[in-house]
Number of protein chains: 2
Amino acid sequence: MPHGNGMGPRWWHRRFRGCGYRMTVPRQAILDVLSKTSRHLSAEDVFMAVHKVYHHVGLTTVYRTLELLVQMGLVSKFDFGDGRARYELLEGSKDSGHHHHLICTKCGRIIDYTDFIDEEIKLLKETEKGLSKKYKFKITNHLIQFYGLCDKCKDKR
Amino acid sequence: MPHGNGMGPRWWHRRFRGCGYRMTVPRQAILDVLSKTSRHLSAEDVFMAVHKVYHHVGLTTVYRTLELLVQMGLVSKFDFGDGRARYELLEGSKDSGHHHHLICTKCGRIIDYTDFIDEEIKLLKETEKGLSKKYKFKITNHLIQFYGLCDKCKDKR
DNA sequence: TTGGTAATGGAAACCATTATCAATAAGGAG
DNA sequence: CTCCTTATTGATAATGGTTTCCATTACCAA
Ligand SMILES: [Mn+2]
Ligand SMILES: [Mn+2]
Ligand SMILES: [Zn+2]
Ligand SMILES: [Zn+2]
């Protein structure tokens, strides 16, 4: 499900320059790949996709760039328990684009959902307030994942 | 914070035998270590603790046993993002003992909390209901972690 | 166009976890 | 208690995702 939000090469370029980074061919290519999928790609997935177009881009650069993008807040990094990190371009600036995951423990399918985010955010606020008071802990982020069986795996066997 | 709930060597022995497994010295030792701490130990942590008493127990066995305990439902396995799995004995049988985590992104401190579990469970139920309907997804488990700064790290710098 | 330096990529290192396999020992039968 | 079956163990090697190294390349401000 390729998206066509307002972001693109020009925007990224500005963003990079604004942070004092250079916009390079590998970085551009990696962002292109990420922006053209709604799947949760591993570093190697990204590498293979980029490699089809730019044979010279190395896996090391993919790792480095993904880490940079995460650090810049453009990309989220997840661990779904399959032994490799998975990356996903954050759409929209700031908090829009934030979502949670349903993970099928049988086939590994990942489902993004945003439907109930509002209620979860409310819970988050309350929890944050309570925990801040009790543990003097300043919450800056959260991770919520549900595990179970997807429709395809639920029935058979 | 060593706990003294109703479980112990005898109980574990029955549990193992009930599953058709043998109760061995390494397994006993690993359970002892896990039951005497409230920290979230890595496999190597467990190995080192066990090694002090039983020099002959190998790291491989620690990994194998921890995996077995997870699979038996006696131990939870977590990923706090530091590149190694962390294990924790589940106290109480069944769902009691279930809790969530506050993770300090600066010093790595982990705080268990159960205070707001009830509200989260309520949210979970609602979410589960909604998601089941919309995505035909059967939720069996969930992971909720809050990231931020602990009281010690919040202030300085 | 050029120079300073950030960025790159191939290879090697790293490191948590897993696979191998011969030796060991738990525990049921007798 | 002893024997026997076989689950379990542990030293070692292998695996595989991620990082580190470092000489080379190429952004981009001047
Ligand atoms: Mn997602
Ligand atoms: Mn815990
Ligand atoms: Zn599935
Ligand atoms: Zn801290």
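Residues numbered from 1 in each chain as written. Chains lettered and ligands numbered in written order. Predicted model: local features only at pLDDT ≥ 70, side-chain atom pairs only at ≥ 80, totals over all residues. Heavy atoms only, no water.

Residue and element names in this part refer to chain B. Within the protein, the manganese ion (ligand 2) binds to His-40 (NE2), Glu-88 (OE), Glu-88 (OE), His-99 (NE2), His-101 (NE2) and Asp-112 (OD); these donor distances fall in the range 2.1 to 2.5 Å. All donor residues of the manganese ion (ligand 2) come from one chain, and their arrangement in sequence is H-x47-E-x10-H-x1-H-x10-D. Taken together, the positions of His-101 in strand β4 (residues 100-104) and Asp-112 in strand β5 (residues 110-113) put the pair 11 residues apart, joining distant regions of the chain. When its relative accessible area of 29% is taken as the criterion, Asp-112 is described as partly exposed. (Donors = N, O, S within 2.8 Å, 3.2 Å for Na, K, Ca; no water. Helix = DSSP H or I, 4+ residues; strand = E, 2+ residues; numbered from the N terminus. Buried < 20%, exposed > 50% of the residue type's maximum accessible area, 1.4 Å probe, protein only.)

Aligned on chain B, chain A shows an RMSD of 0.1 Å; the corresponding rotation is 180° and the shift along the axis is 0.0 Å. The transformation relating the two chain copies, once decomposed into turn and shift, fits a two-fold axis. Considering only C-alpha atoms, the residue of chain A closest to the rotation axis is Ile144(A), which sits at 2.3 Å. Same-surface contact between copies: 100% of interface residues of chain A are shared with the interface of chain B. (Least-squares fit on C-alpha atoms with pLDDT ≥ 70 in both. Contact = heavy atoms within 4.5 Å.)

Attention now moves to the domain arrangement of chain A. Residues and elements named next belong to chain A. Each assigned domain of chain A is listed here: domain 1 (1-92) and domain 2 (98-157). Relative to domain 2, the C-alpha centre of domain 1 lies at a distance of 24 Å. Between domain 1 and domain 2, the contact holds 6 residues from the first and 7 residues from the second. One can count 0 salt bridges joining domain 1 with domain 2. Put simply, domain 1 and domain 2 have 3 residue pairs in polar contact (both at pLDDT 80 or more) between them. (Domains from an automatic or database assignment. Salt bridge = Lys/Arg side-chain N within 4 Å of Asp/Glu carboxyl O. Polar contact = N/O pair within 3.5 Å; in protein donor to acceptor, adjacent residues only side chain to side chain.)

Glancing now at the protein's contact with DNA strand D. Lining the immediate surroundings of DNA strand D are 21 residues, of which Arg17(A), Tyr63(A), Thr24(B), Thr61(B) and Arg64(B) lie closest. By atom count, sugar and phosphate contribute 66% of the portion of DNA strand D lying within 4 Å of the protein. At 2.8 Å, a backbone N or O of Ala85(A) approaches a phosphate oxygen of DNA strand D. A distance of 2.7 Å is found between a phosphate oxygen of DNA strand D and a side-chain nitrogen or oxygen belonging to Thr24(B). Contributing elements (two or more residues each) for the surface near DNA strand D: α1 (9-18) and α4 (59-72) of chain A together with α2 (25-35) and α4 (59-72) of chain B. (Near = heavy atom within 4 Å.)

All names here are of chain A. The manganese ion (ligand 1) binds to the protein through His-40 (NE2), Glu-88 (OE), Glu-88 (OE), His-99 (NE2), His-101 (NE2) and Asp-112 (OD), with metal-donor distances spanning 2.0 to 2.5 Å. Viewed at the metal, the 6 donor atoms of the manganese ion (ligand 1) are separated by angles of 55 to 167°, and the geometry they form is irregular. Going along the chain, you hit the donors of the manganese ion (ligand 1) in the pattern H-x47-E-x10-H-x1-H-x10-D. Taken together, the residues span a long stretch of sequence, with His-99 in the loop between β3 (85-89) and β4 (100-104) and Asp-112 in strand β5 (residues 110-113) at a distance of 13 residues. (Tetrahedral: all angles 85-135°; square planar, octahedral: opposite > 155°, others 65-115°.)

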